[in-house]
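Structural overview
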Amino acid sequence: MSRSWTNSRWRGNAGLLVCSITSSQTPGISSPNLSQSTDSKIAGGLPGCSFAGSSQSILHVLILDVRTSQVDASQGVQAQSISVFHNAKDRGLTIIPVLNKIDLPAAQPERIAAQIQSTFGINPDDIIRISAKTGQGVEDVLEAIITRIPPPIGSATAPLKAFLFDSFYDRYRGVISLVNVQEGILRKGDKITSCHTRKKYEVTELGIMHPEEVPTDSLRAGQVGYIACNMKESSEAHIGDTLHRVGEPVEPLPGFQPAKAMVFAGIFPVESSDFPKLEESIKRLTLTDRSVTVQRESSTALGQGCRLGFLGTLHMDVFRQRLEDEYDANIIITAPTVPYKVIYRDNKEVFVSNPTEFPETADSTCKVKEIQEPVVQASIIVPEVYFGDMMELCFSHRAEDLDHRYLDAGTSSSESSRIMLTCIMPLSEIVTNFFDQLKSRSSGFASFDYEDAGYKQSDLAKLSFLLNGNPVDALAIIVHRSVADTLARVWVKKLHKVIPRQLFEVPIQAVIGKKVLARETLRAMRADVTAGLYGGKPRLKMVASSPKLMCAAAGHYERKMKHLENQKEGKRKMKKVGKVNLPQEAFFDILSTKS
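Residues numbered from 1 in each chain as written. Predicted model: local features only at pLDDT ≥ 70, side-chain atom pairs only at ≥ 80, totals over all residues. Heavy atoms only, no water.

Comments concerning the environment of Asp328
Relative to the helices and strands, Asp328 is located in the loop between helix H8 (313–326) and strand S18 (331–333). On the basis of relative accessibility, which here comes to 62%, the residue Asp328 falls in the exposed class. Residues Asp328 and Leu278, 50 residues apart in the sequence, show an inter-C-alpha distance of 9.5 Å. Discounting residues that sit within four places of it in the chain, Asp328 has contacts with Lys277 and Leu323. (Helix = DSSP H or I, 4+ residues; strand = E, 2+ residues; numbered from the N terminus. Buried < 20%, exposed > 50% of the residue type's maximum accessible area, 1.4 Å probe, protein only. Contact = heavy atoms within 4.5 Å.)

The structure is reproduced here in structure tokens:
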């Protein structure tokens, strides 16, 4: 097999999905929302990617060259693999199933092959069994790519039409876009424009990846390569966009949807003076991650910060980890929220992702008609022994339309049969600690995946927290009324533990509108104002034996009570004018612990 011929066919072919079924992955370790968390790695082999969001655009136009979806062969097909398979099949991709890591002692290739046949209807004879570690069967995969995938269809004489499927940032050349030329020829010096942004660029460099960048004079129809065109901002390179030559408009490739943030969180520095450094760090990170939305935010409790939008919870965790590791940032992240749809009586629709902007629905003067929250179609694959726990977990997170089916029907290993559970679930229930509970209750054997299912009306309210009657904006959260009382008590107890005692009594309240749901009282620090007085209340026998002592004891007692009354009055006045300054460390303790 000639290397040059293989390389040209590899770069020219489109529409291939390689399902790599592995056997050494730790049970249950997968990425339930990886597709929601990053769209900059679409062309790579990432485990657990479900081709949601921007990657669906790529599948729609059959642009992906190679796609791997790794699951555990000893545990069987995971939820992400099923999502990947059906998305690819619906878009007409050629599917090459690959069973990987067959060299491990725990691998059960025969059982997993039967499971793949039962789940996907794939003939076990078509499954390529390989070991990437030893190299066994790797040549068969390359041969299958060449023989099973049809060549690209495109005319070199037609107007230029290039599909942008990935990009990365170079500090010297700006944004480098990876494109697939569908039709026409792209040459150095050509002036191109984007169908989505309408911005114009001049191609200064182009070439192919072999696997490093190799400059060429042109890219022809069917080829995949890179282009540098003086694009300054990563946000200008939209995954799924169509590029064409200036003055030669073409029909955009179908299926394009701009990346939309679905999880929002506020990021604040622990030390307020570190905000300029934090903002610069966020700007540098967004150069390589165009899917993050950034907006300045100011909090009375936390000071200056930024409100960021992410594609998913894993995306948020990765971004936070990069901030801490690469830029040594010491940050506080507020509770993650999702975009809610507020519909007013005049049918005006407003999307709200910041709890401070959420309307007070309990107010009679509020003009809100209804509030809708995003919901997802969730899929959970779990061994049968954990089925009851998964049902209970889903119901506790407001899941609806639950359904299940057995995946191992027809296989010989009935003792290890697995169940696929599907349901409709609010996205807000997933972005908190749902995944941790899922892994805990299933001993790590459950796999989880979800897809967008639109918006649904819900009974939501803003839960605010008051310290000495003053609201703390950074702690406001949007909750469902069915769990508002429970969350209110939990958060109030957490606040009671972390807030330092003041010189006056501090009431800690959780409220929805004007209704108080929970309250804890932080006792005041008391100084012993009677320490300078002699004695206390005299004993009765001593008083009765001496009239003079009785008068002296009465005077001491009156002075003591006078000091105590003066202290009480001073604390009462201080409570009216005093302010509770919640330290940053307290916010860090509250928001870093999961309720």
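Section: the confidence of the model for the protein chain
Mean pLDDT over the protein chain works out to 76, with 74% of the residues at or above the 70 mark. The low-confidence segment residues 1–71, where pLDDT is below 50, has 238 contacts with residues more than four positions distant or belonging to other chains. A low-confidence stretch, residues 410–415 stays under pLDDT 50, and its non-local contacts, those more than four residues away or across chains, total three contacts. (pLDDT = per-residue confidence, 0-100.)

With respect to the nonpolar core
Generally speaking, nonpolar side chains in soluble globular proteins are found buried as a group. One finds Leu308, Phe319, Leu323, Ile380, Met390, Met425 and Phe448 to be the most contacted residues of the largest nonpolar core, which totals 50 residues. Take this core: its biggest share by element is six residues, from strand S21 (residues 368–383). (Core = buried A, V, L, I, M, F, W, Y, C linked by side-chain atoms within 4.5 Å.)

Quick look at the sheet that holds strand S11 (residues 213–215)
Taken together, eight strands build an open sheet; the order of strands is S9-S8-S14-S5-S6-S13-S10-S11 and the sheet is antiparallel. Where the open sheet ends on each side, the last strands, each with one partner, are strand S9 (200–202) and S11. Averaged over all pairs of adjacent strands, the angle between their axes in this sheet comes to 40°, without regard to strand direction. Bridging between strand S8 (residues 191–194) and S9 involves three bridges; their strand directions are antiparallel. From the neighbouring strand, Ile192 faces S9, where its bridge partner is Tyr201. (Pairing = 2+ DSSP bridges. Axes fitted to C-alpha atoms, helices over the stretch in contact; angles between N-to-C directions.)

Thoughts on the packing of helix H9 (residues 387–396) against helix H11 (residues 434–441)
The contact between H9 and H11 brings their axes to 10 Å, and the two run at 160°. By the criterion of interaxial angle, the relationship of H9 to H11 is roughly antiparallel. H11 is crossed by H9, and the crossing has right-handed handedness. Where H9 approaches H11, its residues Asp389, Met390, Glu392 and Leu393 are matched on the opposing element by Phe434, Gln437, Leu438 and Arg441. (Parallel < 35°, antiparallel > 145°, perpendicular 65-115°, else oblique. Left-handed = near helix turned anticlockwise from the far one by under 90°.)

As for the side chain of Asn354
For Asn354, the position within the fold is in the loop between strand S20 (349–352) and S21. A distance of 2.7 Å separates a polar atom in the side chain of Asn354 from a polar atom in the side chain of Glu297. Not counting residues within four places of it along the chain, the set of residues in contact with Asn354 comprises Glu297 and Arg307. (Polar contact = N/O pair within 3.5 Å; in protein donor to acceptor, adjacent residues only side chain to side chain.)

Some details on the sheet that holds strand S17 (residues 303–310)
If you walk across this open sheet you meet the four strands as S16-S17-S15-S18, and the pairing is antiparallel. Looking at the sheet topology across the chains shown, the edges are occupied by strand S16 (293–299) and S18. Direction aside, neighbouring strands of the sheet carry axes that sit 30° apart on average.

Comments concerning helix H7 (residues 275–286)
Between its first and last C-alpha atoms H7 spans 16 Å; for 12 residues at 1.5 Å apiece the expected length is 16 Å, and the two agree. Restricting attention to buried positions, one finds in H7 the residues Phe275, Leu278, Glu279, Ser281, Ile282, Leu285 and Thr286. Along H7, the residues classed as buried sweep out an arc of 160° about the axis, all on the same side. Along its buried surface, H7 packs onto strand S15 (263–269), S16, S17, H8 and S18. (Expected span 1.5 Å × (residues − 1). Arc of directions from axis to C-beta.)

Some points on the packing of aromatic side chains
Counted according to the given criterion, the structure contains eight aromatic pairs. For the ring pair Phe85 and Phe120, a centre distance of 4.3 Å and an interplane angle of 35° mean the geometry is tilted. Remark: Phe120 occurs in helix H5 (residues 109–120) and Phe85 occurs in helix H4 (residues 79–90); sequence separation between them is 35 residues. Aromatic side chains Tyr340 and Phe358 sit 6.1 Å apart centroid to centroid with 80° between the ring planes, which places their arrangement in the edge-to-face category. Of this pair, Tyr340 sits in strand S19 (residues 340–344) while Phe358 sits in the loop between S20 and S21, and the two are 18 residues apart along the sequence. Aromatic ring contacts, followed pair by pair, group Phe434, Phe448 and Tyr450 into a single cluster. Looking at Lys494, its charged tip hangs above the ring of Trp491, at a distance of 4.7 Å from the centre. (Phe/Tyr/Trp six-rings, centres within 6.5 Å; stacked < 30°, edge-to-face > 60°. Lys NZ or Arg CZ within 6 Å of the ring centre and 35° of its normal.)

Points about the pairing of S16
Bridge count for S16 against S17 is seven bridges, and the pairing is antiparallel. In the sheet register, Ser298 faces S17, and the bridge partner there is Gln304. Counted along the chain from S16 to the antiparallel partner S17, the turn is three residues long.

Quick word on the pattern of salt bridges
Counted by the stated rule, this structure contains 17 salt bridges. Between Glu373 and Arg398 there is a salt bridge, with the nearest N and O atoms lying 2.9 Å from each other. Of this pair, Glu373 sits in strand S21 while Arg398 is found in the loop between H9 and strand S22 (400–406), placing the two residues 25 residues apart along the sequence. You can call Glu373 buried: its relative accessible area is 3%. On the basis of relative accessible area, Arg398 is assigned to the buried category, the value being 18%. Residue Arg398 is joined to Glu429 by a salt bridge in which the shortest nitrogen-to-oxygen separation is 3.0 Å. Taken as a pair, Arg398 in the loop between H9 and S22 and Glu429 in helix H10 (residues 427–430) lie far apart in primary sequence, 31 residues in all. Here Arg398 matches Glu429 in class, with each residue buried. The structure contains a network of salt bridges with shared partners spanning Asp170, Arg173, Glu205 and Glu213. (Salt bridge = Lys/Arg side-chain N within 4 Å of Asp/Glu carboxyl O.)

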